Amino acid sequence: MEDEIFKISLPENILQPLFSVSSSSTLDETLKFLIEASRTPSGRLDLGSKNILSVVLQLCQSLSYPLGREILLLSLKLLRNLCAGEMANQNSFIEHNGVEVVSTIFSSVVLDSDSDSDYGVIRMGLQLLGNVSLAGEAHQCAIWHQFFPARFLEIARVRKRETCDPLCMVIYTCSDQSHEFITEICGDQGLTIMAEIVRTASTVGFGEDWLKLLVSRICFDESHFPLLFSKSCPDGTSGSYENAEFRDDLFASEQAFLMDILSENLNEQINEITVSSDVASCVLGILKKSTAVIDSVSGCKSGFSSGSNTINVLKYSLTILRDICAQTGQKSSHQHGSEDAFDLFVSSGLLELLLRLLRDLEPPAIIRKVIKQSENEDGPTSSSSKSSSPYKGFRRDVVAVIGNCAYKRKHVQDEIRERNGILLLLQQCVTDEENPFLREWGIWCVRNLLEGNVENQRVVVELELQGSVDVPEMAGLGLRVEVDEKTRRAKLVNVSQR
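Since we're looking at a predicted model, the values are computed, not measured.

Visitor: Requested: an account of the overall build of the protein chain, with residues and values cited.
Guide: Assigned secondary structure in the protein chain consists of 28 helices and three strands. Put simply, the protein chain has 498 residues, and 51% of those count as buried. If you take every contact in the protein chain between residues at least 6 apart in sequence, the share linking residues at least 24 apart comes to 73%. Only carbon and sulfur atoms are counted for the fraction: they give 47% of the accessible area of the protein chain, which is about 22300 Å².

Visitor: Could you give an account of the pattern of salt bridges, with specific residues and numbers?
Guide: Taken as a whole and judged by the stated rule, the model has 22 salt bridges. Salt bridges sharing common partners tie together R157, R159, E196, R199 and E254.

Visitor: Go over the packing of aromatic side chains, please, and point to the residues and values.
Guide: Per the counting criterion, the structure on display carries 11 aromatic pairs. Seen in terms of ring centroids, F147 and F152 are 5.8 Å apart; in terms of plane orientation they differ by 35°. Their pairing is tilted. Each of the two residues, F147 as well as F152, counts as buried. An aromatic cluster is present here, built from F106, W144, F147, F148, F152 and F181 joined pairwise through their rings. Sitting above the plane of the Y391 ring, K315 keeps its charged end 5.9 Å from the centroid. Cation over ring: R409 sits above F342, and NZ or CZ is 3.8 Å from the ring centre.

Visitor: Report on the nonpolar core, specifying residues and quantitative values.
Guide: Formed by 135 residues in total, the largest nonpolar core has its most connected members in F93, I197, F225 and F345. Setting aside its immediate chain neighbours within four residues, F225 contacts I218, C219, L258, M259, L262, V279, C282, V283 and I286.

Visitor: Tell me about the packing of helix α10 (residues 137-147) against helix α12 (residues 161-175), residues and numbers included.
Guide: Running from amino to carboxyl end, α10 crosses α12 at an angle of 125°, the nearest separation of the two axes being 9 Å. By the angle between their directions, the pair α10 and α12 is classed as oblique. In the packing of α10 onto α12, the handedness of the crossing is left-handed. Residues Q140, I143 and W144 of α10 form the contact with α12, whose participating residues are V170, I171, T173, C174 and S175. Of the residues belonging to the contact of α10 with α12, the class tally is five nonpolar, three polar and no charged.

Visitor: I'd like a description of helix α3 (residues 27-37), backed by residues and values.
Guide: Taken as a whole, α3 has its buried residues at L27, T30, L31, L34 and I35. In an axial view of α3, the angular spread of the buried residues amounts to 140°, which keeps them on one side of the axis.

Visitor: An account of the confidence of the model for the protein chain is requested, with residue identities and associated values reported.
Guide: A residue-level look at the protein chain finds 80% of positions with pLDDT of 70 or above and a mean pLDDT of 86. Contacts for the low-pLDDT stretch residues 241-246, under 50 throughout, to residues beyond four places or in other chains number 15 contacts. Below a pLDDT of 50 lies the segment residues 331-335, which in the model reaches nine contacts outside its immediate sequence neighbourhood of four places, other chains included.

Visitor: Describe the packing of helix α14 (residues 188-204) against helix α17 (residues 253-268), listing the residues and the values that go with them.
Guide: Each packed pair of helices is defined by two parameters, the angle between the axes and the distance between the axes. Packing of α14 against α17 leaves a shortest axis separation of 9 Å and a crossing angle of 90°. Our classification of the angle between α14 and α17 gives roughly perpendicular. Mapping the contact onto sequence places V198, R199, A201 and S202 in α14 and E254, F257 and L258 in α17.

Visitor: Which residues make up the side chain of Q428, and what values go with them?
Guide: With respect to the helices and strands, Q428 occurs in the loop between α25 (422-426) and α26 (438-450). Polar contacts involving the side chain of Q428 include one to the main-chain carbonyl oxygen of L424, which spans 2.8 Å. Apart from residues lying up to four places away in sequence, Q428 is in contact with L358, P364, R395, V399, L438, R439 and G442.

Visitor: Lay out unusual backbone geometry with the relevant residues and their values.
Guide: For the bond from Y65 to P66, the omega torsion is 15°, close enough to zero to count as cis. Following the sequence through the fold, P66 ends up in the loop between α5 (52-62) and α6 (69-82). Note that the residue after F148, namely P149, is joined by a cis bond; omega there is -5°. For P149, the position within the fold is in the loop between α10 and α11 (150-156). The backbone of N97 sits at a positive phi, close to 60°, despite the residue not being glycine. Within the secondary structure, N97 is located in the loop between α7 (87-95) and α8 (98-109). N97 sits in the partly exposed class, given a relative accessible area of 46%. You will see that F437, though not glycine, has its phi angle at about 65°, which is positive. With respect to the helices and strands, the residue F437 is situated in the loop between α25 and α26.

Visitor: I'd like a rundown of α8, residues and numbers included.
Guide: The end-to-end C-alpha distance of α8 is 17 Å, a good match for the 16 Å that 12 residues give at a rise of 1.5 Å each. When α8 is considered as a whole, its buried residues turn out to be G98, V99, V101, V102, S103, I105, F106 and V109. On its buried face, α8 sits against α5, α6, α7, α9 (116-133), α10 and α11.

Visitor: Tell me what's going on with the environment of V283, and back it up with residues and numbers.
Guide: With respect to the helices, strands and loops of the structure, V283 is situated in helix α18 (residues 277-297). What makes V283 buried here is its relative accessible area of 1%. The spatial distance from the C-alpha of V283 to the C-alpha of L321 is 7.5 Å, given a sequence separation of 38 residues. Other than its neighbours up to four places away in sequence, V283 contacts F225, M259, S317, I320 and L321.

Visitor: I'd like a rundown of the environment of G130, residues and numbers included.
Guide: Within the fold, G130 resides in helix α9. Remark: the alpha-carbon pair of G130 and V170, spanning 40 residues in sequence, is separated by 4.9 Å. When residues no more than four places from it in sequence are discounted, the contact partners of G130 are M169 and V170.

Cut-offs applied
Each chain carries its own residue numbering, running from 1 in the direction its sequence is written. In view of the model being predicted, local features appear only for residues whose pLDDT reaches at least 70, and side-chain atom pairs are presented and counted only at 80 or more, with totals across whole chains, interfaces and linings using the full set of residues. Excluding hydrogens and water, the side-chain figures rest on all heavy atoms present in the structure. Under the DSSP-based scheme used, a helix requires at least four consecutive residues in state H or I and a strand at least two consecutive residues in state E, with every element numbered from the N terminus. Any residue under 20% of the maximum accessible area for its type is buried, any over 50% is exposed, and the rest in between are partly exposed; the area is computed with a 1.4 Å probe on protein chains only. Any two residues whose heavy atoms approach within 4.5 Å at even a single point are treated as in contact. Residue-level accessible areas treat just the shown protein chains as cover; the underlying method is Shrake-Rupley with a 1.4 Å probe. Salt bridge, as used here, is a side-chain nitrogen of Lys or Arg placed within 4 Å of a carboxyl oxygen of Asp or Glu. Here a Phe, Tyr or Trp ring, Trp counted by its six-membered ring, pairs with any other such ring whose centre lies within 6.5 Å, and the pair is stacked when the planes are under 30 degrees apart, edge-to-face when over 60, and tilted otherwise. Geometrically, a charge over a ring is one whose NZ (Lys) or CZ (Arg) sits within 6 Å of the ring centre while staying within 35 degrees of the ring normal. For our purposes a nonpolar core is just a set of buried Ala, Val, Leu, Ile, Met, Phe, Trp, Tyr and Cys residues, chained together by side-chain atoms within 4.5 Å. The convention used is that axes are lines fitted to C-alpha atoms, helices contributing only their stretch in contact, and that angles between N-to-C directions extend from 0 to 180 degrees. Put simply, angles under 35 degrees are roughly parallel, angles over 145 are roughly antiparallel, angles from 65 to 115 are roughly perpendicular, and the rest are oblique. Left-handed describes a crossing in which the near helix is turned anticlockwise from the far one by less than a right angle; the clockwise case is right-handed. Each residue gets one label: Ala, Val, Leu, Ile, Met, Phe, Trp, Tyr, Cys and Pro are nonpolar, Asp, Glu, Lys and Arg are charged, and the others, such as Gly, are polar. An arc is given here, and it is the one of the directions from the helix axis to the C-beta atoms. One number per residue, pLDDT, summarises how confident the predictor is, and it ranges from 0 to 100. Within 3.5 Å is the distance limit for a polar contact, defined as a pair of N or O atoms, with the added protein rule that one can donate a hydrogen and the other accept it, and that residues adjacent in sequence qualify only through two side-chain atoms. Every helix has an expected span of 1.5 Å times one less than the residues it contains.

Here is the structure:
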């Protein structure tokens with residue numbers, strides 16, 4: 001019925017070229033035929049030579065919305081296929097004001113959207129713009145100038161994964177090679193758009209990597225993480241990690257989501273990403289604030305739930321710091337940013353904070369068992385003031401950061417010794433159900449503490465006589481740290497190996 005209405009109302013100069021290239025007698029069947037034909041490079045080239053793209057753009061302009069929604073969706077899908085890697089069609093799209101046509105369509109859809117079909121139109125239009133943007137600078141400029149900032153912002157506020165993914169592709173592709181556009185997306189209006197994108201993705205998720213690429217570019221490459229982190233906090237939460245009351249809503253779920261993305265990006269590209277001092281300082285500030293909040297409620301009966309935003313922010317700040325510290329021990333000479341970040345960590349009291357966090361925790365379960373046995377023999381020593389881990393893996397993450405900090409850095413090794421941290425860290429070389437891979441990270445940490453540091457090796461030697469460490473807690477586990485008399489290298493061994 002809809003198709004018959006459009007056959008009557010649409011002008012002949014639009015219908016005739018479309019019907020002439022297909023054997024169908026209805027508009028929807030004709031569009032479906034052309035969509036199938038445009039799936040191949042040769043098909044796109046052939047249809048381009050027949051000026052089908054300009055005709056379809058005229059068709060889009062002639063359709064009323066929402067009455068012509070299904071035909072419009074088919075038309076956009078055809079345009080998307082025609083512009084997939086075919087330069088002649090991509091150029092024709094710009095020459096016939098295709099970007100403005102799509103923008104006009106969005107103006108009637110985004111503001112009035114009430115069905116999945118509407119979101120389908122937005123998604124298809126964005127995919128079309130994404131294909132066009134790949135053609136080069138002129139095409140990217142046409143899209144950017146038409147859509148930034150107002151139209152991008154409207155689409156960013158559509159809480160649908162189907163629209164969020166292609167929107168990120170369009171923004172990333174247009175701005176990636178343009179200093180002007182990346183400056184704008186990192187400005188106040190651009191970060192407002194990005195905050196809405198983060199809000200959408202944190203609510204509905206994302207299925208493609210464009211969001212990760214875009215966030216990494218803005219937060220790491222351009223060092224605008226502090227501003228985006230602040231803007232990602234909606235009304236009703238503090239929005240700042242400085243000078244705020246200690247409460248569970250200090251951080252928003254969007255901020256935890258953003259840090260999750262950054263943590264994953266950094267871990268996946270640890271050899272490619274350089275973290276600036278500004279970003280590192282912000283992450284360290286977030287860590288300090290989140291640990292302070294947890295300290296403030298550690299005596300409360302209820303505490304924080306495992307899904308608390310504060311707990312999640314704490315977790316991701318530790319994993320980001322872990323990887324920044326790992327970078328600084330292996331970066332090449334032309335990548336100084338992360339080493340500067342590490343120097344900031346040391347001067348800002350990171351090691352002191354991490355050692356305090358470990359001391360405040362109850363010992364690992366297997367260590368507690370050994371201590372309890374010792375108490376039964378020698379009299380009780382209370383550890384009731386100790387706190388439990390805020391999340392599963394917290395102890396491991398703290399040890400991992402310390403271990404990476406100590407890698408080939410004598411001043412860090414020395415500071416840990418001066419703060420009486422060696423024995424504390426030796427006690428982390430155990431298996432613990434609440435902290436997967438704790439033993440491996442503990443061994444790595446102890447190795448880095450002792451390697452090349454005679455003073456630290458001497459501390460270990462002095463814990464027991466005859467060149468071997470026989471810490472009571474570890475002895476009960478069948479473990480021992482030994483320092484080879486010839487090489488002076490320390491290693492963790494099973495007692496049974498002797």
